[in-house]
Structures are given as C-alpha cells and as structure tokens.
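A structural walkthrough
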Amino acid sequence: MKIYNTLTKKKEEFIPLEEGKVRMYVCGPTVYNYIHIGNARPMIVFDSLRRYLEYKGYEVNFVSNFTDVDDKIIKKAIEEGVSANEISERYIKEFRTDAEGLNVLPATYNPKATEEIDGMVDMISTLIEKGHAYEKNGTVYFRTRSFEEYGKLSKKNIDELEAGSRIAVSEEKEDPMDFVLWKPKKEGEPYWTSPWSDGRPGWHIECSVMSKKYLGEQIDIHAGGEDLVFPHHENEIAQSEACNGKQFAKYWMHNAFLNIDNKKMSKSQDNFFTVREISEKYSLQVLRFFMLSAHYRSPINFNADLMEASKNGLDRILTATYNLEHLLEAAASNEITQAETQIIAEIDELNEKFDAAMEDDLNTADAISAIFEIVKVANSKVSSDNSKELIRNVLDRILKLSDILGIKAEKEEGLLDEEIEQLIQDRQNARKNKDFAKSDEIRNLLLEKGIILEDTREGVRWKRA
Ligand code: AMP
Ligand code: ZN
C-alpha cells in the first residue's frame with residue numbers, strides 16, 4: 001500500500017516496523033463539547049485506514065487519546081459551576097455515542113491525559129537531564145534549538161519562524177520558539193504535584209508520552225487533521241526524538257479540512273454543526289459516506305445538496321443489497337452456470353479496482369465508485385433466475401467492501417406501519433392509566449427506530465426521521 005507521508009512529502013510504500021503489525025496513533029479530541037463535523041473527518045478517515053489494514057491481515061494496535069485537561073475544559077467547568085472532570089467525563093460519553101453512530105471502531109486504547117501524568121513528569125525529567133528542557137519559576141520549557149531537526153515535518157525554518165514571532169513573548173524563555181512542557185496552576189485550576197510546581201502538563205507532551213506507553217518508542221503511523229502539523233506534531237517529534245534518541249513515527253498522515261459552503265466552519269460565522277445536530281436529520285451513515293466520497297487530502301465542502309446526494313448514493317447501495325437478499329430467497333437453483341462465472345469474473349475485477357484505489361493512499365472516493373459499479377452489475381444482470389451461489393457472491397461482495405469503509409450496507413430492520421400504530425395505541429393507553437414511565441419508554445423505543453411522534457389536537461401523528 002502507498003501512503004502519502006507528510007514528513008517526506010511523498011507517497012511511500014507502507015512497510016511496518018514489525019511484520020504483520022501496525023502501531024497507529026491518532027490525536028484525539030479535547031473533550032469540552034459535542035464534536036463538530038470537522039472533528040468527524042479524521043475519525044472516519046483513519047478508522048477506514050485501520051479497517052483496510054485489518055482486512056489486509058495486519059494486527060492493528062490503534063491508540064487515540066482524550067485531552068481531558070485544558071483551558072477550554074476549565075473555562076466551561078467554571079461557567080457551569082462543576083468540576084473539570086465532570087465536563088470531560090460528560091463529553092467523553094457523548095463522543096462515544098457519536099463515534100458509535102459513525103461506526104468508528106473503539107480504539108485498542110483510549111488513554112486520558114489526566115491518568116498519565118506520572119509518565120509526563122518522567123519524560124519531562126529526562127528531557128531536563130538531557131539538556132533539552134529547563135525550568136523557570138515552576139514552568140518547564142522545551143529548548144527548541146537543542147533539537148537540530150526542528151521543523152522537519154512542517155518544513156519550517158526555525159530562524160524564519162523566530163523572525164515572524166511577536167515580541168510579546170514571556171521573558172522567562174531562553175528563546176521565543178521554546179514551548180511549555182509543564183505550567184504552574186492558576187487559582188481554582190486542577191493540578192498535580194511535580195518536582196517543578198503544582199500544575200499541569202502542556203498539550204504536546206501528552207501525545208509523546210501516551211504513544212510511547214501504549215505503542216513503544218517507535219510507531220508506524222501518527223495521524224490527525226492538517227492543522228496539527230504545526231506546532232503540535234512538530235513539537236511531539238522534538239520531544240519524543242530528543243528523549244528516546246530514535247525516529248518517532250515512520251509515516252505522518254494528515255487529513256485536509258472540511259468547510260461549510262466553501263467557508264471555514266466557525267461558531268461566530270453561524271455555520272457550525274455538531275455531529276449530534278446532523279444525526280437529527282440524517283443517519284450518521286450518510287455523514288460517513290459523505291466524508292469518504294472525497295480523498296482525505298482534499299478539502300471537502302459540506303452543504304445540504306451534497307448531503308442529499310450522499311443520502312441518495314447510500315440508498316442505491318442499500319436498495320441493491322435489499323433486493324439481492326430477496327432474490328436469494330426467491331432463487332430456485334444452487335448450481336452456478338458458465339454464464340454466471342463471467343459475472344463473477346466481472347465482480348472480481350471490480351473488487352480489484354476497489355483494492356487498487358485503497359492501495360493508492362486510501363483513495364476512498366474511487367473505492368466507492370468501484371462499489372457503485374458492482375451495484376450496477378447487480379441491478380442489470382442479477383435476477384431470481386440466477387443461482388443462489390451467484391447472488392450470494394454479489395451480495396457478499398457489496399457487504400464486505402462497504403464494511404471495509406465502515407458503511408453498513410444492509411437496511412436496518414425497520415418497524416412496519418401497523419407495528420407503529422399498535423405501539424402508539426399502547427402508549428395512549430399507558431397515558432390514560434397515568435403510567436408515564438411506560439408511555440415514555442414506548443416513545444423512546446419509537447425514537448430509537450427513527451419514528452417521531454407529534455401530539456396534535458387531532459391526536460397523535462407520526463413520521464419517519
Ligand atoms: P481538536 O479537538 O480541535 O483538537 O480537533 C480534533 C481533530 O479534528 C484534530 O485532528 C483536528 O485536526 C481535526 N479537525 C478540527 N477541525 C476540522 C475541520 N474543520 N476539518 C477536518 N478536521 C478537523
Ligand atoms: Zn497529539
């Protein structure tokens with residue numbers, strides 16, 4: 001497989017450090033709010049990469065962190081008058097709900113920064129011992145110029161960076177490019193004790209430490225959105241390589257940004273959507289399908305028309321598998337015919353096209369086109385006159401390839417109209433009997449199945465979400 005490596009700016013053959021195994025780290029969210037649809041892009045893209053590597057037979061150790069101590073979390077905790085921990089735990093739970101809806105596989109490990117402070121203190125101590133970091137008034141800084149290769153990922157030159165940096169730099173630093181590894185607490189902030197001060201770690205050190213603890217000093221793939229290249233990933237490289245004396249990650253992968261109607265998504269522009277908001281209108285499978293219809297290194301534009309187009313695209317696949325399942329029941333013969341082996345050969349070729357697209361730096365856009373071509377073959381050439389073996393082959397192929405992309409290609413078992421009417425009647429009876437627990441239970445059950453109830457003067461109306 002070829003992967004575009006931000007470090008070398010080239011597509012390179014993927015050769016893992018250890019045969020048959022992949023160690024992969026994806027920078028996770030800062031948990032102070034519901035995730036937005038931009039955050040969903042790296043989740044979906046790198047989950048698809050993981051699924052593809054697993055399909056190829058690799059054992060993938062996939063680590064993604066939660067940044068659960070941060071200024072934004074603390075600010076929100078103060079606003080709500082609760083602890084920072086309560087905020088981060090709440091949004092970790094909400095993150096998991098969204099990840100499940102997006103069909104993102106759970107990570108092998110999901111470490112939280114606040115549970116890894118000892119490791120951070122250790123790494124910072126080593127960096128100080130080796131002359132790569134220094135303490136001033138309880139703050140520890142990384143001595144950026146001590147790491148000669150600084151700038152190798154972002155292709156930035158340290159002297160130019162320094163020339164461009166404002167003078168509004170704290171006097172404590174030896175150099176404006178030095179960055180914080182540990183900072184003392186401010187009044188009311190959560191803190192941990194350390195040899196330097198009661199305080200908390202800087203953001204960059206957490207990924208260097210968690211990656212080392214759960215995956216080892218050297219890993220295969222380190223990934224995230226392109227905004228992380230500088231300074232976050234550049235600083236991670238400096239910390240890890242200065243500490244361990246080894247190359248940190250072999251392949252650095254970055255997804256391009258998602259924009260809204262060709263504009264940067266921002267809360268102040270009123271063009272900001274959480275994944276949760278989208279889930280009220282669409283199945284999150286549609287959002288996943290939408291994200292994968294573009295190559296991960298191209299910017300992707302989000303708007304209502306494009307989401308509708310994705311919904312229709314996904315429906316075409318769902319309808320094909322639905323029909324094939326019915327054909328399978330209706331088909332009489334088991335025996336595959338000579339003519340049918342031709343169709344299987346055609347499907348095999350399209351399967352190869354899918355693989356070739358994925359091998360080429362995870363080209364999910366072309367991989368989806370290959371699935372559509374199989375759907376076309378299914379719609380035009382497969383009927384109940386065919387053998388069960390052929391029908392099963394075509395159906396399995398669509399399901400398997402969709403699954404590699406994390407797309408569930410089977411229609412969810414929905415409720416029939418009569419079943420819905422009956423449940424609504426049961427709910428009305430429960431209400432009459434003042435059994436509100438039961439009536440709520442039925443309403444929630446219907447909601448789970450995508451049925452929305454509306455109490456009107458004429459009675460209860462319902463619609464499918
Ligand atoms: P954050 O919580 O801001 O650190 O973001 C979590 C992940 O989402 C990082 O990998 C970011 O690079 C990525 N990300 C944030 N905004 C966008 C966006 N608009 N499009 C694509 N990726 C994004
Ligand atoms: Zn990180």
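On a predicted model such as this, the values are computed, not experimentally measured, just so you know.

Description of the sheet that holds strand S12 (residues 263-264)
- In space, the three strands of this open sheet follow the order S12-S11-S13, with mixed pairing throughout. At either margin of the open sheet sits one strand with a lone partner, and together these are S12 and strand S13 (300-302).
- Two strands pair when backbone bridges link them, and strand S11 (residues 258-260) and S13 are joined in this way by three bridges, in the parallel orientation. Its bridge partner lying in S13, Asn-259 is registered against Asn-301.
- Together, S11 and S13 form the strand contacts of helix H9 (residues 284-292), whose direction differs from that of S13 by roughly 145°.

Focus: the site of ligand 1
- Around ligand 1, the surrounding shell holds 14 residues, and the nearest of these are Gly-38, Asn-39, Gly-225, Asp-227 and Leu-258.
- The separation between an oxygen atom of ligand 1 and a polar side-chain atom of Asp-227 is 2.4 Å.
- In the complex, 85% of the free accessible area of ligand 1, which totals 490 Å², lies under the protein chains.
- Of all elements in the fold, only helix H1 (37-55) and strand S9 (219-225) reach the threshold of two or more residues within the shell around ligand 1.
- In terms of residues, the shell around ligand 1 owes the most to one element, H1, which gives three residues.

Concerning the packing of aromatic side chains
- If you walk through the whole model with that rule in mind, you get 14 aromatic pairs.
- Ring geometry for Tyr-134 against Tyr-141: centres 5.6 Å apart, planes inclined by 35°, an arrangement best described as tilted. In this structure, Tyr-134 and Tyr-141 share a single accessibility class: buried.
- Centre to centre, the rings of Phe-248 and Trp-252 are 5.8 Å apart; their planes meet at 65°, and the pair counts as edge-to-face. For the pair Phe-248 and Trp-252, a shared accessibility class is recorded, and that class is buried.
- Through a chain of ring-to-ring contacts, three or more aromatic side chains come together here, namely Phe-14, Tyr-58 and Tyr-251.
- The cationic tip of Lys-185 hangs over the ring face of Tyr-191; the distance from NZ or CZ to the ring centre is 4.1 Å.

A closer look at unusual backbone geometry
- Here the amide bond leading from Phe-230 into Pro-231 is cis, since omega sits at 5°, within 30 degrees of zero.
- Along the chain, Pro-231 turns up in helix H7 (residues 229-244).
- For Lys-155, which is not glycine, the phi dihedral falls at a positive 60°.
- Among the structural elements, Lys-155 can be located in the loop between strand S6 (139-142) and helix H5 (158-164).

Considerations on the nonpolar core
- Formed by 90 residues in total, the largest nonpolar core has its most connected members in Ile-221 and Leu-287.
- With near-sequence residues (within four places) excluded, Ile-221 lies in contact with Ile-3, Phe-14, Val-22, Arg-23, Met-24, Tyr-25, Leu-49, Leu-53, Tyr-251 and Met-253.
- Val-121, Ile-124, Phe-147 and Ala-249 belong to the second largest nonpolar core, which has 39 residues in total.

Thoughts on the domain arrangement of the protein
- Here the protein is partitioned into domain 1 (2-255), domain 2 (279-404) and domain 3 (417-464).
- Just the C-alpha atoms count here: the centres of domain 1 and domain 3 sit 47 Å apart.

Here we look at the sheet that holds S9
- What the four strands build is an open sheet, ordered S4-S3-S9-S10; its pairing is parallel. Of all strands in the sheet, those bounded by a partner on one side alone are strand S4 (59-64) and strand S10 (249-255). Ignoring which end each strand starts from, the neighbouring axes of this sheet average 20° apart.
- Alignment of S9 against S10, held across six bridges, turns out to be parallel. In the sheet register, Ile-221 faces S10, and the bridge partner there is Tyr-251.
- This element, helix H6 (residues 203-215), spans strand S3 (21-26), S4 and S9 of the sheet and lies at about 155° to S3.

Looking at the packing of H9 against helix H10 (residues 304-330)
- Packing of H9 against H10 brings their axes to within 9 Å, and their N-to-C directions diverge by 100°. The pairing of H9 with H10 is recorded here as roughly perpendicular in orientation. Only Leu-306, Met-307, Ser-310, Lys-311, Gly-313, Leu-314 and Ile-317 of H10 make contact with H9, whose side of the interface consists of Gln-285, Val-286, Leu-287, Phe-289 and Phe-290.
- Here the contact of H9 with H10 is built from residues that sort into eight nonpolar, three polar and one charged.

Rules behind the numbers
- Residues numbered from 1 in each chain as written.
- Chains lettered and ligands numbered in written order.
- Predicted model: local features only at pLDDT ≥ 70, side-chain atom pairs only at ≥ 80, totals over all residues.
- Heavy atoms only, no water.
- Pairing = 2+ DSSP bridges.
- Helix = DSSP H or I, 4+ residues; strand = E, 2+ residues; numbered from the N terminus.
- Contact = heavy atoms within 4.5 Å.
- Axes fitted to C-alpha atoms, helices over the stretch in contact; angles between N-to-C directions.
- Near = heavy atom within 4 Å.
- Polar contact = N/O pair within 3.5 Å; in protein donor to acceptor, adjacent residues only side chain to side chain.
- Areas by Shrake-Rupley, 256 points an atom, 1.4 Å probe, with all protein chains shown as cover.
- Phe/Tyr/Trp six-rings, centres within 6.5 Å; stacked < 30°, edge-to-face > 60°.
- Buried < 20%, exposed > 50% of the residue type's maximum accessible area, 1.4 Å probe, protein only.
- Lys NZ or Arg CZ within 6 Å of the ring centre and 35° of its normal.
- Core = buried A, V, L, I, M, F, W, Y, C linked by side-chain atoms within 4.5 Å.
- Domains from an automatic or database assignment.
- Parallel < 35°, antiparallel > 145°, perpendicular 65-115°, else oblique.
- Nonpolar A, V, L, I, M, F, W, Y, C, P; charged D, E, K, R; others polar.

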